[in-house]
Amino acid sequence: MLKRSSPVIAKCIFRLHQKKLYNSLLIFLLNVIILKENQEQGCLIMKDREKEIIQKLKMRILLLLKKQRKISLKEISLMSGFSIKHTQVLFHRQNGITIGKYIKQCLFSEAAILLVLTRKSILDISLDVGFSSQQSFSRAFKKEFSLSPMKYRNRGVIDSQKLISEFQRGDNFKFDG
């Protein structure tokens, strides 16, 4: 707003200077500075509010993923209180990834943990995280982790850098059994 009105501000400053109304000029400039600071504070408050909303939204997504494996963008935007487009923009701005990619990473993070820490079959894990077949899960898992699920399991280490932050609990997890 200030950038658009800067020619107007420049004209006011010029007129006040011409008329040698230096006290008025000083007061005018102080008001412009205060207005700019208030606008910046308002933006910071909105950003903090948006950040809090997206953090809560991420937790709600995780809770919903435990109940059901498929979540629509419409459901997510209803939880946030924003439109679908605005929710996507806020989420991407704050996290650097899309909502769909975040959900996919949540599912793969859960799968990686289950592969290393349980003796469940790969088929069961693939069905647990929402894939319709072991083949599609294995293909997607290998694309995400650069290892097949079986090789990842046999390695016995969970690479926490590949997990989303909600699943991270340290640098690397090791499984002895």
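Everything that follows concerns the structure shown earlier in this document.
Here goes a summary of the coordinates provided. (Residues numbered from 1 in each chain as written. Predicted model: local features only at pLDDT ≥ 70, side-chain atom pairs only at ≥ 80, totals over all residues. Heavy atoms only, no water.)

## Considerations on the pattern of salt bridges
Under the criterion given, the structure shown has five salt bridges. Note that Glu-52 and Lys-56 form a salt bridge whose closest N and O atoms lie 3.2 Å from each other. Pair noted here: Glu-52 and Lys-56 are both in helix 2 (residues 22-67), with a separation of four residues, about one helical turn. In this structure Lys-56 comes out as partly exposed when scored by relative accessible area, which is 47%. Here Lys-120 ties to Asp-128 by a salt bridge, and the two come within 2.2 Å at their closest N and O atoms. Asp-128 sits in the partly exposed class, given a relative accessible area of 27%. One connected set of salt bridges, linked through shared partners, spans Lys-101, Lys-104 and Glu-144. (Salt bridge = Lys/Arg side-chain N within 4 Å of Asp/Glu carboxyl O. Helix = DSSP H or I, 4+ residues; strand = E, 2+ residues; numbered from the N terminus. Buried < 20%, exposed > 50% of the residue type's maximum accessible area, 1.4 Å probe, protein only.)

## Describing the packing of aromatic side chains
Going through the model one piece at a time under the given rule, you end up with 10 aromatic pairs. Aromatic ring contacts, followed pair by pair, group Phe-108, Phe-131, Phe-137, Phe-141, Phe-145 and Tyr-152 into a single cluster. (Phe/Tyr/Trp six-rings, centres within 6.5 Å; stacked < 30°, edge-to-face > 60°.)

## A look at the environment of His-92
Here His-92 lies in helix 4 (residues 84-95). As for His-92 and Tyr-102, which are separated by 10 residues in sequence, their C-alpha atoms are 9.6 Å apart. Contact partners of His-92, with chain neighbours within four places excluded, come to Ile-97 and Thr-98. (Contact = heavy atoms within 4.5 Å.)

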